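Inside the fold
Each chain is listed here by its residues.
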Amino acid sequence: MNNPDQQLIEHFLREVLSEKEKKEFLERVKTDHEFRKKFLFEKQLFESLNENDWSFIEHENLDEVQTYSALFKNDKTKELRQVLKEVQVEQNKPVKKKSRQWLLYASAAAIAISLSVLSLLTNKTNNNELYANYLDISELPSLSVRGDNSNEQMITVEQLFKKKDYKNALPLLEKALNISERNRATLFLYKGISEMELKKYQAAETTFNTLINSELMDAPKGYWYKALLYLKMNNKQKSIEVLKEISTNAFYNHQKAKKLLKDLE
Amino acid sequence: MKNNLRYLNALLTSNSKELKELYSENFPKVKSFVLQNKGQVADAEDIFQKALVQIAVRYRREKFEITSSFEAYLFTACKNLWRRELNKSKRWVTTDSDLERGGEEHDEALALLEQKRWELFGKNLELISENCQKVLKLFFAKVSYEHIVEQLNYSSETVARQRVFKCKAKLTELIKNDQNYHSLTQL
(Lines give C-alpha, C1' and ligand atoms only; values in the text may rest on other atoms or scores of the structure.)
Protein backbone atom coordinates (compact mmCIF):
# COMPACT_ATOMS: atom_id res chain seq x y z
CA MET A 1 0.00 0.00 0.00
CA ASN A 2 1.32 3.43 -0.78
CA ASN A 3 2.21 5.79 2.00
CA PRO A 4 -0.57 8.38 1.63
CA ASP A 5 -3.16 5.58 1.92
CA GLN A 6 -1.45 4.23 5.00
CA GLN A 7 -1.48 7.68 6.52
CA LEU A 8 -5.08 8.26 5.61
CA ILE A 9 -6.15 5.05 7.33
CA GLU A 10 -4.09 5.96 10.36
CA HIS A 11 -5.69 9.41 10.53
CA PHE A 12 -9.14 7.89 10.28
CA LEU A 13 -8.48 5.40 13.06
CA ARG A 14 -6.85 7.97 15.29
CA GLU A 15 -9.89 10.19 14.72
CA VAL A 16 -8.14 13.23 13.28
CA LEU A 17 -10.06 13.54 9.99
CA SER A 18 -12.63 16.27 9.45
CA GLU A 19 -16.28 15.29 8.91
CA LYS A 20 -15.95 15.81 5.16
CA GLU A 21 -12.77 13.73 4.96
CA LYS A 22 -14.39 11.02 7.04
CA LYS A 23 -17.31 10.82 4.65
CA GLU A 24 -15.02 10.55 1.64
CA PHE A 25 -12.99 7.92 3.44
CA LEU A 26 -16.01 5.73 4.17
CA GLU A 27 -17.19 6.09 0.61
CA ARG A 28 -13.84 4.81 -0.63
CA VAL A 29 -13.96 1.89 1.81
CA LYS A 30 -17.25 0.88 0.21
CA THR A 31 -16.03 0.98 -3.36
CA ASP A 32 -12.30 0.22 -3.33
CA HIS A 33 -11.91 -3.46 -2.44
CA GLU A 34 -8.14 -3.41 -1.90
CA PHE A 35 -8.33 -0.29 0.24
CA ARG A 36 -11.10 -1.85 2.31
CA LYS A 37 -9.00 -4.96 2.95
CA LYS A 38 -6.06 -2.91 4.22
CA PHE A 39 -8.34 -0.74 6.28
CA LEU A 40 -10.05 -3.67 7.99
CA PHE A 41 -6.74 -5.19 8.99
CA GLU A 42 -5.50 -1.89 10.44
CA LYS A 43 -8.82 -1.47 12.21
CA GLN A 44 -8.49 -4.92 13.79
CA LEU A 45 -4.98 -4.04 14.97
CA PHE A 46 -6.08 -0.74 16.48
CA GLU A 47 -9.12 -2.11 18.23
CA SER A 48 -7.48 -5.26 19.52
CA LEU A 49 -4.44 -3.55 20.94
CA ASN A 50 -6.16 -0.57 22.51
CA GLU A 51 -7.17 -1.55 26.01
CA ASN A 52 -10.35 0.49 25.96
CA ASP A 53 -11.56 -0.86 22.68
CA TRP A 54 -12.66 -4.21 21.28
CA SER A 55 -12.39 -5.67 17.81
CA PHE A 56 -15.70 -7.12 16.64
CA ILE A 57 -16.12 -9.61 13.83
CA GLU A 58 -17.42 -8.08 10.61
CA HIS A 59 -18.46 -11.12 8.59
CA GLU A 60 -20.74 -13.23 10.64
CA ASN A 61 -21.94 -15.91 8.33
CA LEU A 62 -18.79 -17.91 7.99
CA ASP A 63 -18.67 -21.65 8.65
CA GLU A 64 -16.51 -21.18 11.70
CA VAL A 65 -19.17 -19.02 13.35
CA GLN A 66 -21.87 -21.59 12.56
CA THR A 67 -19.77 -24.44 13.95
CA TYR A 68 -19.12 -22.71 17.25
CA SER A 69 -22.68 -21.52 17.43
CA ALA A 70 -23.84 -25.15 17.27
CA LEU A 71 -21.38 -26.12 20.00
CA PHE A 72 -22.75 -23.39 22.26
CA LYS A 73 -26.21 -24.86 21.73
CA ASN A 74 -25.50 -28.56 22.27
CA ASP A 75 -26.59 -30.67 25.26
CA LYS A 76 -23.21 -30.79 26.95
CA THR A 77 -23.03 -26.99 27.01
CA LYS A 78 -26.60 -26.78 28.25
CA GLU A 79 -25.70 -29.12 31.09
CA LEU A 80 -22.65 -27.02 31.99
CA ARG A 81 -24.73 -23.83 31.98
CA GLN A 82 -27.23 -25.46 34.33
CA VAL A 83 -24.54 -26.61 36.77
CA LEU A 84 -22.85 -23.19 36.71
CA LYS A 85 -26.17 -21.54 37.45
CA GLU A 86 -26.72 -23.82 40.43
CA VAL A 87 -23.21 -23.20 41.73
CA GLN A 88 -23.78 -19.47 41.47
CA VAL A 89 -27.12 -19.60 43.30
CA GLU A 90 -25.51 -21.61 46.06
CA GLN A 91 -22.62 -19.18 46.40
CA ASN A 92 -25.06 -16.33 46.79
CA LYS A 93 -26.89 -17.96 49.70
CA PRO A 94 -26.04 -16.48 53.09
CA VAL A 95 -24.03 -18.81 55.30
CA LYS A 96 -26.30 -20.69 57.71
CA LYS A 97 -25.58 -20.41 61.38
CA LYS A 98 -24.99 -23.71 63.08
CA SER A 99 -27.20 -24.20 66.09
CA ARG A 100 -25.44 -26.49 68.41
CA GLN A 101 -26.83 -25.86 71.84
CA TRP A 102 -24.16 -27.74 73.73
CA LEU A 103 -21.42 -25.73 72.14
CA LEU A 104 -23.12 -22.51 73.15
CA TYR A 105 -23.38 -23.59 76.73
CA ALA A 106 -19.92 -25.04 76.86
CA SER A 107 -18.00 -21.88 76.16
CA ALA A 108 -20.34 -18.97 75.82
CA ALA A 109 -17.82 -16.45 77.04
CA ALA A 110 -15.00 -17.62 74.83
CA ILE A 111 -17.24 -17.59 71.77
CA ALA A 112 -18.56 -14.15 72.57
CA ILE A 113 -15.05 -12.78 72.71
CA SER A 114 -13.84 -14.48 69.56
CA LEU A 115 -16.99 -13.50 67.70
CA SER A 116 -16.59 -9.87 68.55
CA VAL A 117 -12.97 -9.94 67.40
CA LEU A 118 -14.02 -11.76 64.25
CA SER A 119 -16.83 -9.36 63.52
CA LEU A 120 -14.45 -6.45 63.93
CA LEU A 121 -12.12 -8.04 61.44
CA THR A 122 -14.80 -8.95 58.92
CA ASN A 123 -16.30 -5.53 59.26
CA LYS A 124 -12.99 -4.02 58.40
CA THR A 125 -12.53 -6.31 55.42
CA ASN A 126 -16.07 -5.66 54.22
CA ASN A 127 -15.69 -1.91 54.49
CA ASN A 128 -12.37 -2.00 52.70
CA GLU A 129 -13.78 -4.23 50.00
CA LEU A 130 -16.74 -1.91 49.52
CA TYR A 131 -14.41 1.05 49.36
CA ALA A 132 -12.35 -0.64 46.67
CA ASN A 133 -15.46 -1.58 44.73
CA TYR A 134 -16.99 1.87 44.82
CA LEU A 135 -13.94 4.05 44.26
CA ASP A 136 -13.83 4.56 40.53
CA ILE A 137 -11.24 7.13 39.49
CA SER A 138 -12.18 6.68 35.84
CA GLU A 139 -15.38 8.68 36.46
CA LEU A 140 -13.38 11.79 37.33
CA PRO A 141 -13.15 14.51 34.71
CA SER A 142 -9.86 15.02 32.92
CA LEU A 143 -7.54 17.81 34.06
CA SER A 144 -6.20 18.63 30.64
CA VAL A 145 -7.98 20.71 28.06
CA ARG A 146 -7.72 19.86 24.37
CA GLY A 147 -5.82 22.43 22.37
CA ASP A 148 -4.40 24.20 25.39
CA ASN A 149 -0.63 24.29 25.39
CA SER A 150 -0.28 25.65 28.88
CA ASN A 151 -1.42 22.48 30.53
CA GLU A 152 1.58 20.20 30.25
CA GLN A 153 1.83 20.16 34.01
CA MET A 154 -1.79 19.04 34.25
CA ILE A 155 -1.18 16.20 31.82
CA THR A 156 1.72 14.98 33.93
CA VAL A 157 -0.37 15.19 37.11
CA GLU A 158 -3.20 13.31 35.52
CA GLN A 159 -0.90 10.61 34.22
CA LEU A 160 0.68 10.12 37.65
CA PHE A 161 -2.76 10.01 39.25
CA LYS A 162 -4.15 7.49 36.77
CA LYS A 163 -1.09 5.34 37.35
CA LYS A 164 -1.95 5.54 41.05
CA ASP A 165 1.37 7.19 41.75
CA TYR A 166 -0.29 9.35 44.39
CA LYS A 167 2.95 10.10 46.20
CA ASN A 168 4.34 12.04 43.26
CA ALA A 169 0.98 13.43 42.15
CA LEU A 170 0.17 15.03 45.49
CA PRO A 171 2.83 17.81 45.63
CA LEU A 172 2.00 18.78 42.03
CA LEU A 173 -1.69 18.94 42.88
CA GLU A 174 -1.00 21.17 45.86
CA LYS A 175 1.05 23.45 43.68
CA ALA A 176 -1.65 23.54 40.99
CA LEU A 177 -4.32 24.45 43.54
CA ASN A 178 -2.22 27.39 44.67
CA ILE A 179 -1.99 28.88 41.23
CA SER A 180 -4.77 27.56 39.01
CA GLU A 181 -8.14 29.24 38.65
CA ARG A 182 -9.46 26.50 36.39
CA ASN A 183 -10.63 23.01 37.17
CA ARG A 184 -10.48 23.68 40.88
CA ALA A 185 -13.18 21.20 41.88
CA THR A 186 -11.49 18.42 39.96
CA LEU A 187 -8.13 19.36 41.43
CA PHE A 188 -9.61 19.14 44.94
CA LEU A 189 -10.99 15.70 44.14
CA TYR A 190 -7.68 14.44 42.76
CA LYS A 191 -5.90 15.84 45.81
CA GLY A 192 -8.38 14.40 48.33
CA ILE A 193 -8.31 10.98 46.70
CA SER A 194 -4.50 10.98 46.63
CA GLU A 195 -4.42 11.82 50.32
CA MET A 196 -7.04 9.19 51.09
CA GLU A 197 -5.10 6.52 49.20
CA LEU A 198 -1.91 7.54 51.00
CA LYS A 199 -3.79 7.14 54.31
CA LYS A 200 -3.49 10.84 55.13
CA TYR A 201 -7.03 10.75 56.39
CA GLN A 202 -7.20 14.04 58.19
CA ALA A 203 -5.79 15.93 55.24
CA ALA A 204 -8.25 14.18 52.91
CA GLU A 205 -11.16 15.14 55.16
CA THR A 206 -10.05 18.78 55.14
CA THR A 207 -9.71 18.75 51.33
CA PHE A 208 -13.17 17.28 50.77
CA ASN A 209 -14.68 19.72 53.29
CA THR A 210 -13.01 22.65 51.54
CA LEU A 211 -14.55 21.52 48.29
CA ILE A 212 -17.98 20.97 49.86
CA ASN A 213 -17.95 24.45 51.43
CA SER A 214 -16.75 26.14 48.26
CA GLU A 215 -18.90 27.95 45.72
CA LEU A 216 -17.75 25.64 42.94
CA MET A 217 -20.34 23.97 40.75
CA ASP A 218 -18.99 20.54 41.47
CA ALA A 219 -18.80 21.10 45.22
CA PRO A 220 -21.38 18.35 46.01
CA LYS A 221 -19.05 15.75 44.50
CA GLY A 222 -17.05 16.18 47.69
CA TYR A 223 -19.78 14.40 49.66
CA TRP A 224 -19.41 11.17 47.70
CA TYR A 225 -15.67 10.97 48.24
CA LYS A 226 -16.03 11.94 51.86
CA ALA A 227 -18.41 9.00 52.33
CA LEU A 228 -15.80 6.71 50.76
CA LEU A 229 -13.13 8.23 53.00
CA TYR A 230 -15.08 7.31 56.13
CA LEU A 231 -15.59 3.84 54.74
CA LYS A 232 -11.87 3.45 54.25
CA MET A 233 -11.30 4.75 57.78
CA ASN A 234 -13.72 2.01 58.86
CA ASN A 235 -16.08 4.59 60.33
CA LYS A 236 -19.28 3.04 59.04
CA GLN A 237 -21.59 5.32 61.01
CA LYS A 238 -20.16 8.53 59.61
CA SER A 239 -20.10 7.09 56.11
CA ILE A 240 -23.80 6.21 56.39
CA GLU A 241 -24.62 9.76 57.56
CA VAL A 242 -22.92 11.30 54.52
CA LEU A 243 -24.48 8.79 52.15
CA LYS A 244 -27.93 9.60 53.51
CA GLU A 245 -27.26 13.27 52.88
CA ILE A 246 -26.26 12.49 49.28
CA SER A 247 -29.32 10.38 48.77
CA THR A 248 -31.81 12.90 50.27
CA ASN A 249 -30.41 15.84 48.35
CA ALA A 250 -29.90 13.87 45.11
CA PHE A 251 -26.26 14.94 45.04
CA TYR A 252 -23.64 13.49 42.69
CA ASN A 253 -23.76 9.66 42.59
CA HIS A 254 -26.96 9.49 44.63
CA GLN A 255 -27.97 6.21 42.96
CA LYS A 256 -24.65 4.67 43.89
CA ALA A 257 -25.00 6.10 47.39
CA LYS A 258 -28.34 4.33 47.78
CA LYS A 259 -26.80 1.09 46.66
CA LEU A 260 -23.84 1.48 48.97
CA LEU A 261 -26.21 2.22 51.85
CA LYS A 262 -27.95 -1.08 51.15
CA ASP A 263 -24.61 -2.88 51.03
CA LEU A 264 -23.67 -1.37 54.37
CA GLU A 265 -26.91 -2.41 56.08
CA MET B 1 -0.36 -24.18 36.62
CA LYS B 2 -1.42 -27.05 38.86
CA ASN B 3 -5.08 -26.17 38.48
CA ASN B 4 -5.13 -25.87 34.70
CA LEU B 5 -6.08 -29.42 33.81
CA ARG B 6 -8.13 -29.88 36.92
CA TYR B 7 -10.39 -26.93 36.14
CA LEU B 8 -10.53 -27.65 32.42
CA ASN B 9 -11.68 -31.18 33.23
CA ALA B 10 -14.21 -29.83 35.70
CA LEU B 11 -15.65 -27.70 32.90
CA LEU B 12 -15.73 -30.60 30.45
CA THR B 13 -17.46 -32.93 32.91
CA SER B 14 -19.63 -30.25 34.59
CA ASN B 15 -18.24 -31.34 37.95
CA SER B 16 -20.12 -29.18 40.44
CA LYS B 17 -17.82 -29.82 43.41
CA GLU B 18 -14.77 -28.58 41.54
CA LEU B 19 -16.71 -25.76 39.93
CA LYS B 20 -17.79 -24.49 43.34
CA GLU B 21 -14.16 -24.17 44.27
CA LEU B 22 -13.31 -22.50 40.99
CA TYR B 23 -16.15 -20.06 41.55
CA SER B 24 -15.22 -19.07 45.09
CA GLU B 25 -11.54 -18.72 44.18
CA ASN B 26 -12.02 -16.63 41.05
CA PHE B 27 -15.32 -14.81 41.09
CA PRO B 28 -14.46 -12.11 43.69
CA LYS B 29 -11.68 -10.69 41.54
CA VAL B 30 -13.91 -10.55 38.46
CA LYS B 31 -16.68 -8.97 40.50
CA SER B 32 -14.49 -6.15 41.73
CA PHE B 33 -13.15 -5.56 38.23
CA VAL B 34 -16.66 -5.22 36.76
CA LEU B 35 -17.89 -3.07 39.64
CA GLN B 36 -14.95 -0.76 39.20
CA ASN B 37 -15.69 -0.47 35.50
CA LYS B 38 -19.27 0.72 35.28
CA GLY B 39 -20.91 -2.66 35.88
CA GLN B 40 -23.19 -4.29 38.43
CA VAL B 41 -22.90 -7.60 40.29
CA ALA B 42 -25.36 -9.18 37.84
CA ASP B 43 -23.07 -8.17 34.95
CA ALA B 44 -20.10 -9.76 36.71
CA GLU B 45 -22.05 -13.00 37.20
CA ASP B 46 -23.11 -13.06 33.60
CA ILE B 47 -19.60 -12.40 32.29
CA PHE B 48 -18.06 -15.00 34.60
CA GLN B 49 -20.46 -17.72 33.42
CA LYS B 50 -20.00 -16.79 29.79
CA ALA B 51 -16.22 -16.90 30.07
CA LEU B 52 -16.34 -20.38 31.61
CA VAL B 53 -18.69 -21.67 28.93
CA GLN B 54 -16.50 -20.07 26.26
CA ILE B 55 -13.40 -21.83 27.59
CA ALA B 56 -15.25 -25.16 27.77
CA VAL B 57 -16.61 -24.95 24.23
CA ARG B 58 -13.29 -23.89 22.79
CA TYR B 59 -11.35 -26.59 24.63
CA ARG B 60 -13.78 -29.26 23.45
CA ARG B 61 -13.16 -28.26 19.85
CA GLU B 62 -9.45 -27.54 19.71
CA LYS B 63 -7.72 -28.50 22.98
CA PHE B 64 -5.95 -25.14 22.98
CA GLU B 65 -3.05 -24.48 25.29
CA ILE B 66 -3.30 -22.12 28.22
CA THR B 67 0.23 -20.86 28.74
CA SER B 68 -0.49 -18.85 31.88
CA SER B 69 -2.29 -20.13 34.97
CA PHE B 70 -5.94 -21.05 34.50
CA GLU B 71 -6.90 -18.28 36.93
CA ALA B 72 -5.03 -15.61 34.94
CA TYR B 73 -6.49 -16.85 31.67
CA LEU B 74 -10.02 -16.85 33.06
CA PHE B 75 -9.60 -13.33 34.40
CA THR B 76 -8.39 -12.07 31.01
CA ALA B 77 -11.29 -13.80 29.24
CA CYS B 78 -13.69 -12.09 31.67
CA LYS B 79 -12.02 -8.71 31.19
CA ASN B 80 -12.30 -9.06 27.42
CA LEU B 81 -15.95 -10.05 27.56
CA TRP B 82 -16.61 -6.99 29.67
CA ARG B 83 -14.64 -4.74 27.28
CA ARG B 84 -16.75 -6.22 24.53
CA GLU B 85 -19.98 -5.41 26.39
CA LEU B 86 -18.85 -1.84 27.02
CA ASN B 87 -17.98 -1.36 23.36
CA LYS B 88 -21.10 -2.96 21.88
CA SER B 89 -22.66 0.38 21.12
CA LYS B 90 -19.75 1.17 18.78
CA ARG B 91 -20.29 -1.95 16.76
CA TRP B 92 -20.19 -1.33 13.06
CA VAL B 93 -21.78 -3.84 10.80
CA THR B 94 -23.93 -5.94 13.06
CA THR B 95 -27.41 -4.65 13.61
CA ASP B 96 -29.89 -5.66 16.28
CA SER B 97 -31.80 -7.75 13.81
CA ASP B 98 -28.65 -9.78 13.11
CA LEU B 99 -28.34 -10.51 16.79
CA GLU B 100 -31.98 -11.43 17.09
CA ARG B 101 -31.68 -13.74 14.14
CA GLY B 102 -28.55 -15.39 15.47
CA GLY B 103 -29.58 -15.59 19.09
CA GLU B 104 -27.37 -15.59 22.14
CA GLU B 105 -25.30 -18.60 21.06
CA HIS B 106 -24.45 -16.88 17.79
CA ASP B 107 -23.15 -13.88 19.73
CA GLU B 108 -21.18 -16.20 22.02
CA ALA B 109 -19.57 -17.81 18.97
CA LEU B 110 -18.57 -14.37 17.71
CA ALA B 111 -17.10 -13.48 21.11
CA LEU B 112 -15.07 -16.69 21.11
CA LEU B 113 -13.58 -16.02 17.68
CA GLU B 114 -12.88 -12.41 18.61
CA GLN B 115 -11.05 -13.66 21.72
CA LYS B 116 -8.94 -15.94 19.50
CA ARG B 117 -8.08 -13.05 17.20
CA TRP B 118 -7.22 -10.87 20.18
CA GLU B 119 -4.85 -13.59 21.42
CA LEU B 120 -3.21 -13.80 17.98
CA PHE B 121 -2.51 -10.05 17.94
CA GLY B 122 -1.42 -9.97 21.58
CA LYS B 123 0.91 -12.95 21.19
CA ASN B 124 2.68 -11.33 18.24
CA LEU B 125 2.90 -7.97 19.95
CA GLU B 126 4.92 -9.68 22.66
CA LEU B 127 7.39 -10.93 20.08
CA ILE B 128 8.59 -7.48 19.05
CA SER B 129 11.10 -5.44 21.09
CA GLU B 130 10.00 -3.85 24.33
CA ASN B 131 10.55 -0.36 22.95
CA CYS B 132 8.38 -1.13 19.95
CA GLN B 133 5.66 -2.48 22.23
CA LYS B 134 5.73 0.72 24.28
CA VAL B 135 5.44 3.09 21.35
CA LEU B 136 2.73 1.02 19.65
CA LYS B 137 0.64 0.79 22.79
CA LEU B 138 0.65 4.59 23.04
CA PHE B 139 -0.06 4.88 19.33
CA PHE B 140 -3.03 2.49 19.41
CA ALA B 141 -4.34 4.27 22.49
CA LYS B 142 -4.53 7.38 20.26
CA VAL B 143 -1.98 9.32 22.31
CA SER B 144 -0.80 12.28 20.23
CA TYR B 145 2.67 12.22 18.67
CA GLU B 146 3.53 15.23 20.78
CA HIS B 147 2.98 13.21 23.95
CA ILE B 148 4.64 10.11 22.56
CA VAL B 149 7.78 12.20 22.03
CA GLU B 150 7.51 13.48 25.58
CA GLN B 151 6.87 10.14 27.23
CA LEU B 152 9.49 8.14 25.38
CA ASN B 153 12.09 10.89 25.13
CA TYR B 154 12.31 10.90 21.33
CA SER B 155 14.13 13.82 19.76
CA SER B 156 11.26 14.86 17.47
CA GLU B 157 7.84 13.92 16.13
CA THR B 158 9.45 12.75 12.89
CA VAL B 159 11.52 10.25 14.84
CA ALA B 160 8.39 9.07 16.67
CA ARG B 161 6.50 8.65 13.38
CA GLN B 162 9.34 6.64 11.85
CA ARG B 163 9.51 4.47 14.95
CA VAL B 164 5.76 3.78 14.84
CA PHE B 165 5.95 3.00 11.14
CA LYS B 166 8.79 0.50 11.55
CA CYS B 167 7.34 -1.18 14.62
CA LYS B 168 3.92 -1.50 13.04
CA ALA B 169 5.43 -2.98 9.88
CA LYS B 170 7.29 -5.54 11.98
CA LEU B 171 4.16 -6.45 13.92
CA THR B 172 2.11 -6.73 10.73
CA GLU B 173 4.69 -9.02 9.19
CA LEU B 174 4.67 -11.31 12.23
CA ILE B 175 0.89 -11.46 12.30
CA LYS B 176 0.63 -12.17 8.59
CA ASN B 177 3.13 -15.01 8.90
CA ASP B 178 1.26 -16.58 11.79
CA GLN B 179 -0.37 -19.83 10.75
CA ASN B 180 -3.70 -18.76 12.25
CA TYR B 181 -3.72 -15.41 10.49
CA HIS B 182 -5.91 -16.26 7.53
CA SER B 183 -8.66 -18.01 9.41
CA LEU B 184 -8.92 -15.20 11.97
CA THR B 185 -8.38 -11.95 10.13
CA GLN B 186 -10.83 -12.69 7.34
CA LEU B 187 -13.64 -12.68 9.87
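Residues numbered from 1 in each chain as written. Chains lettered and ligands numbered in written order. Predicted model: local features only at pLDDT ≥ 70, side-chain atom pairs only at ≥ 80, totals over all residues. Heavy atoms only, no water.

Helix and strand counts for chain A stand at 14 helices and zero strands. Secondary structure of chain A in N-to-C order comes out as α-α-α-α-α-α-α-α-α-α-α-α-α-α. The 265 residues of chain A split such that 40% are buried. Of the contacts formed within chain A by residues at least 6 apart in sequence, a portion of 51% connects residues at least 24 apart. (Helix = DSSP H or I, 4+ residues; strand = E, 2+ residues; numbered from the N terminus. Buried < 20%, exposed > 50% of the residue type's maximum accessible area, 1.4 Å probe, protein only. Contact = heavy atoms within 4.5 Å.)

Tallying the contact residues gives 70 residues for chain B and 60 residues for chain A. In this assembly, chain B packs against chain A so that about 6500 Å² is buried in total across both faces, 59% of it on carbon and sulfur atoms. Linking chain B with chain A are five salt bridges, by the criterion used here. The residue glutamate 108 of chain B makes a salt bridge to arginine 81 of chain A at a minimum N-O spacing of 2.8 Å. Joining chain B to chain A, the criterion identifies 26 residue pairs in polar contact (both at pLDDT 80 or more). Ranked by residue count, the leading element in the side of chain B that touches chain A is helix 5 (residues 96-125) of chain B, at 17 residues. The residue inventory of the side of chain B that touches chain A, partitioned by class, reads 28 nonpolar, 20 polar and 22 charged. (Buried area = accessible area lost by both parts, 1.4 Å probe. Salt bridge = Lys/Arg side-chain N within 4 Å of Asp/Glu carboxyl O. Polar contact = N/O pair within 3.5 Å; in protein donor to acceptor, adjacent residues only side chain to side chain. Nonpolar A, V, L, I, M, F, W, Y, C, P; charged D, E, K, R; others polar.)

This brings us to helix 3 (residues 41-62) of chain B. Counted at 1.5 Å a residue, the expected span for helix 3 of chain B with its 22 residues is 32 Å, and the 32 Å between its end C-alpha atoms agrees. Backbone geometry just downstream of helix 3 of chain B places lysine 63 of chain B in the positive-phi region, at approximately 40 degrees. (Expected span 1.5 Å × (residues − 1).)

What helix 1 (residues 3-13) of chain A keeps buried is the set Asp5, Gln6, Ile9, Glu10, Phe12 and Leu13 of chain A. Down the axis of helix 1 of chain A, the buried side of the element spans an arc of 160 degrees, and every buried residue falls inside it. The inward-facing, buried residues of helix 1 of chain A contact helix 2 (19-31) and helix 3 (33-49) of chain A together with helix 6 (130-140), helix 7 (145-152) and helix 8 (157-177) of chain B. Backbone geometry just after helix 1 of chain A places glutamate 15 of chain A at a positive phi near 55 degrees. (Arc of directions from axis to C-beta.)

With that settled, consider the packing of helix 12 (residues 221-232) of chain A against helix 14 (residues 254-264) of chain A. All names here are of chain A. Two numbers describe how helix 12 lies on helix 14: the axes approach to 11 Å, and their chain directions differ by 20 degrees. Of the possible angle classes, the one that applies to helix 12 and helix 14 is roughly parallel. Crossing of helix 12 over helix 14 shows left-handed handedness. Two secondary-structure elements touch here, helix 12 through Trp224, Leu228 and Leu231 and helix 14 through Lys256, Ala257, Leu260 and Leu264. (Axes fitted to C-alpha atoms, helices over the stretch in contact; angles between N-to-C directions. Parallel < 35°, antiparallel > 145°, perpendicular 65-115°, else oblique. Left-handed = near helix turned anticlockwise from the far one by under 90°.)

With respect to the helices and strands, the residue glutamate 108 of chain B is situated in helix 5. Once you skip the residues sitting within four places of it in the chain, glutamate 108 of chain B turns out to touch Phe72 and Arg81 of chain A together with Lys50 and Val53 of chain B.

Another point: the layout of surface pockets. Reported here for the second largest pocket is a volume of approximately 680 Å³. Listed by contribution, the elements that provide at least two residues to the lining of the second largest pocket are helix 7 (108-134) and helix 14 of chain A together with helix 2 (16-36) and helix 3 of chain B. Classifying every residue of the lining of the second largest pocket by side-chain character gives seven nonpolar, nine polar and nine charged. (1 Å grid on protein atoms, 1.4 Å probe; cavity = no way out; pocket = protein on both sides within 12 Å on 5 of 7 lines; lining within 4 Å. Points joined across faces, edges and corners; volume = space filled by probe spheres on them.)

Now for empty space enclosed by the protein. All told, the structure shown has one cavity of 30 Å³ or more when counted by the stated rule. There is about 100 Å³ of room inside the largest cavity. Phe72 of chain A together with Asp46, Ile47, Lys50, Gln54, Leu81, Arg84, Glu85, Asp107, Glu108 and Ala111 of chain B together form the lining of the largest cavity. At the level of elements, helix 3, helix 4 (70-87) and helix 5 of chain B are the ones that each hand at least two residues to the lining of the largest cavity. The biggest single contributor to the lining of the largest cavity is helix 3 of chain B, with four residues. In terms of residue class, the lining of the largest cavity is built from four nonpolar, one polar and six charged.

Inspection of every chain in the model, using the stated rule, returns 22 aromatic pairs over all chains. Judged by centre distance (6.1 Å) and plane angle (80 degrees), the rings of phenylalanine 41 of chain A and tyrosine 181 of chain B are edge-to-face. Of this pair, phenylalanine 41 of chain A sits in helix 3 while tyrosine 181 of chain B sits in helix 9 (residues 181-185), placing the two residues on different chains. Under the relative-accessibility criterion, tyrosine 181 of chain B is labelled buried at 10%. Summarising the aromatic geometry, the rings of tyrosine 223 of chain A and phenylalanine 251 of chain A are spaced 4.7 Å apart at their centres and angled 15 degrees between planes, so their arrangement reads as stacked. Of this pair, tyrosine 223 of chain A sits in helix 12 while phenylalanine 251 of chain A is found in the loop between helix 13 (236-249) and helix 14, placing the two residues 28 residues apart along the sequence. Of the residues examined, tyrosine 223 of chain A reaches a relative accessible area of 15% and is grouped as buried. Linked through ring pairs, Phe12, Phe25, Phe35 and Phe39 of chain A together constitute an aromatic cluster. The ring centre of phenylalanine 64 of chain B lies 4.1 Å from the NZ or CZ of arginine 58 of chain B, which sits over that ring. (Phe/Tyr/Trp six-rings, centres within 6.5 Å; stacked < 30°, edge-to-face > 60°. Lys NZ or Arg CZ within 6 Å of the ring centre and 35° of its normal.)

Residue-level pLDDT values for chain B average 89, and 90% of them are 70 or greater. As scored by the predictor, the complex reaches a pTM of 0.61 and an ipTM of 0.88. (pLDDT = per-residue confidence, 0-100.)

Quick look at the pattern of salt bridges now. All names here are of chain A. If you walk through the whole model with that rule in mind, you get 28 salt bridges over all chains. For lysine 191, the salt bridge goes to glutamate 195, with nearest N and O atoms at 3.3 Å. With lysine 191 and glutamate 195 both in helix 10 (residues 184-197), this residue pair falls four residues apart, about one helical turn. Here lysine 191 falls in the buried class, since its relative accessible area comes to 15%.

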